[in-house]
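As a plain string of letters, each chain reads:
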Amino acid sequence: MGAITASKTKLSVGGTTACDTVSEYDALTWVAVSDVTNYGEFGPQYQEITYTPIETGVVKRLKGALDNGNLQLELARNPDDAGQADLIEALASYDNINVKVELNDKPSGAGAKPTRFFFPCKVMAYRPVIGDGNRVVGATVQLGIDGDVLEGAKAAGS
């Protein structure tokens, strides 16, 4: 399978239990977050450190601290949705919440799994977006990733 569509990608939240492996994340109970209209980018990025030796006048670059990044979501606002309610509740907490992003590449067969990304994060913002008269009321959610982003490869079922 080559490129896949972003359509039918799913986001879920899974409580505050700390996990270190894909298997531990897979074992959690997940609550779907409905009406995601746009997923931003996410994943690790190193901070850049630069310096310029006077004798060469050439900028040198080093890798600094690793930042696992942020995920900015755009939603059609639905506070009655259990997943969105969990995000709103997590905004008031200083604890991490687990997040799972599932791609639309699930193979066939019983027990098959799509590609999954897992990470702990803090909900840093949940902001309503009213927009203009030709759009649904939305929300922008900022998730601050506070640990490793783990990828679970898609797996065919039996």
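Residues numbered from 1 in each chain as written. Predicted model: local features only at pLDDT ≥ 70, side-chain atom pairs only at ≥ 80, totals over all residues. Heavy atoms only, no water.

Asks: Could you give me a rundown of the overall build of the protein chain, with the residues and numbers involved?
Replies: Within the protein chain, the regular secondary structure consists of 2 helices and 10 strands. Helices and strands appear in the protein chain in the N-to-C order β-α-β-β-β-β-β-α-β-β-β-β. Principal axes of the C-alpha set define a box for the protein chain whose edges measure 60 × 45 × 35 Å. The buried share of the protein chain, reckoned over its 158 residues, is 32%. The contacts of the protein chain with a sequence gap of at least 6 include a subset with a gap of at least 24, amounting to 65%. (Helix = DSSP H or I, 4+ residues; strand = E, 2+ residues; numbered from the N terminus. Buried < 20%, exposed > 50% of the residue type's maximum accessible area, 1.4 Å probe, protein only. Contact = heavy atoms within 4.5 Å.)

Asks: An account of the pairing of strand 1 (residues 10-13) is requested, with residue identities and associated values reported.
Replies: Consecutive side chains along a regular strand alternate between the two faces of the sheet. Alignment of strand 1 against strand 7 (residues 97-102), held across 4 bridges, turns out to be antiparallel. Bridge assignment links valine 13 to a residue of strand 7, and that residue is valine 99. Bridge count for strand 1 against strand 2 (residues 31-33) is 3 bridges, and the pairing is antiparallel. Of the residues in strand 2, the one forming a bridge with valine 13 is valine 31. (Pairing = 2+ DSSP bridges.)

Asks: So what's going on with unusual backbone geometry? Which residues, and what values?
Replies: Although it is not a glycine, lysine 8 adopts a positive phi angle of roughly 75°. Looking at the secondary structure, you find lysine 8 in the segment before strand 1. The class of lysine 8 is exposed, set by a relative accessible area of 64%. Despite not being glycine, aspartate 35 shows a phi value in the positive range, around 65°. Topologically, aspartate 35 is positioned in the loop between strand 2 and strand 3 (36-39).

Asks: Lay out helix 2 (residues 82-91) with the relevant residues and their values.
Replies: Listed in full, the buried residues belonging to helix 2 are Gly83, Gln84, Leu87 and Ala90. One side of helix 2 carries all its buried residues, which in axial view fall inside an arc of 120°. Taken together, the buried residues of helix 2 touch strand 1, strand 2, strand 6 (70-76), strand 7, strand 8 (116-129) and strand 9 (138-145). At the N-terminal end of helix 2, a side-chain oxygen is found 3.1 Å from the backbone nitrogen of glycine 83, two or three residues along, and the residue is aspartate 81. (Arc of directions from axis to C-beta. Polar contact = N/O pair within 3.5 Å; in protein donor to acceptor, adjacent residues only side chain to side chain.)

Asks: An account of the nonpolar core is requested, with residue identities and associated values reported.
Replies: Ranked by internal contacts, the top residues of the largest apolar core, which has 20 residues, are Val99, Val141 and Leu143. For this core, the elements supplying multiple residues, two or more each, are strand 1, strand 6, helix 2, strand 7, strand 8 and strand 9. Ranked by the residues each element gives to this core, the list is headed by strand 8, at 5 residues. With sequence-adjacent residues up to four places away left out, leucine 143 is seen in contact with Gly69, Asn70, Leu71, Leu73, Leu87, Val99, Cys121, Lys122 and Val123. With 5 residues, the next largest nonpolar core counts Cys19, Leu28, Trp30 and Phe118 among its residues. (Core = buried A, V, L, I, M, F, W, Y, C linked by side-chain atoms within 4.5 Å.)

Asks: So what's going on with a nonpolar patch on the surface? Which residues, and what values?
Replies: Taken together, the side chains of Ile49, Tyr51 and Leu62 define a hydrophobic patch exposed on the protein surface, amounting to about 290 Å² of accessible area. For tyrosine 51, the location among the structural elements is in strand 4 (residues 45-51). Classification of tyrosine 51 by relative accessible area gives partly exposed; the value is 42%. (Patch = residues over 30% accessible without salt bridge, like charges linked within 9 Å, V, L, I, M, F, W, Y side chains within 5 Å. Areas by Shrake-Rupley, 256 points an atom, 1.4 Å probe, with all protein chains shown as cover. Salt bridge = Lys/Arg side-chain N within 4 Å of Asp/Glu carboxyl O.)

Asks: How would you explain the packing of aromatic side chains if you had to name every residue and give the values?
Replies: Counted according to the given criterion, the structure contains 4 aromatic pairs. A ring pair is formed by tyrosine 25 and phenylalanine 118, whose centres lie 5.0 Å apart and whose planes are at 5°; its orientation type is stacked. Within this pair, whereas tyrosine 25 is found in helix 1 (residues 22-26), its partner phenylalanine 118 is found in strand 8, the two being separated by 93 residues in sequence. With relative accessibility at 1%, the residue tyrosine 25 sits in the buried group. What makes phenylalanine 118 buried here is its relative accessible area of 0%. Between tryptophan 30 and phenylalanine 118, the ring centres sit 5.9 Å apart and the planes meet at 35°, which makes this aromatic pair tilted. Taken as a pair, tryptophan 30 in the loop between helix 1 and strand 2 and phenylalanine 118 in strand 8 lie far apart in primary sequence, 88 residues in all. For tryptophan 30, a relative accessible area of 16% puts it in the buried group. (Phe/Tyr/Trp six-rings, centres within 6.5 Å; stacked < 30°, edge-to-face > 60°.)

On their own, these measurements won't tell you what the molecule is for.
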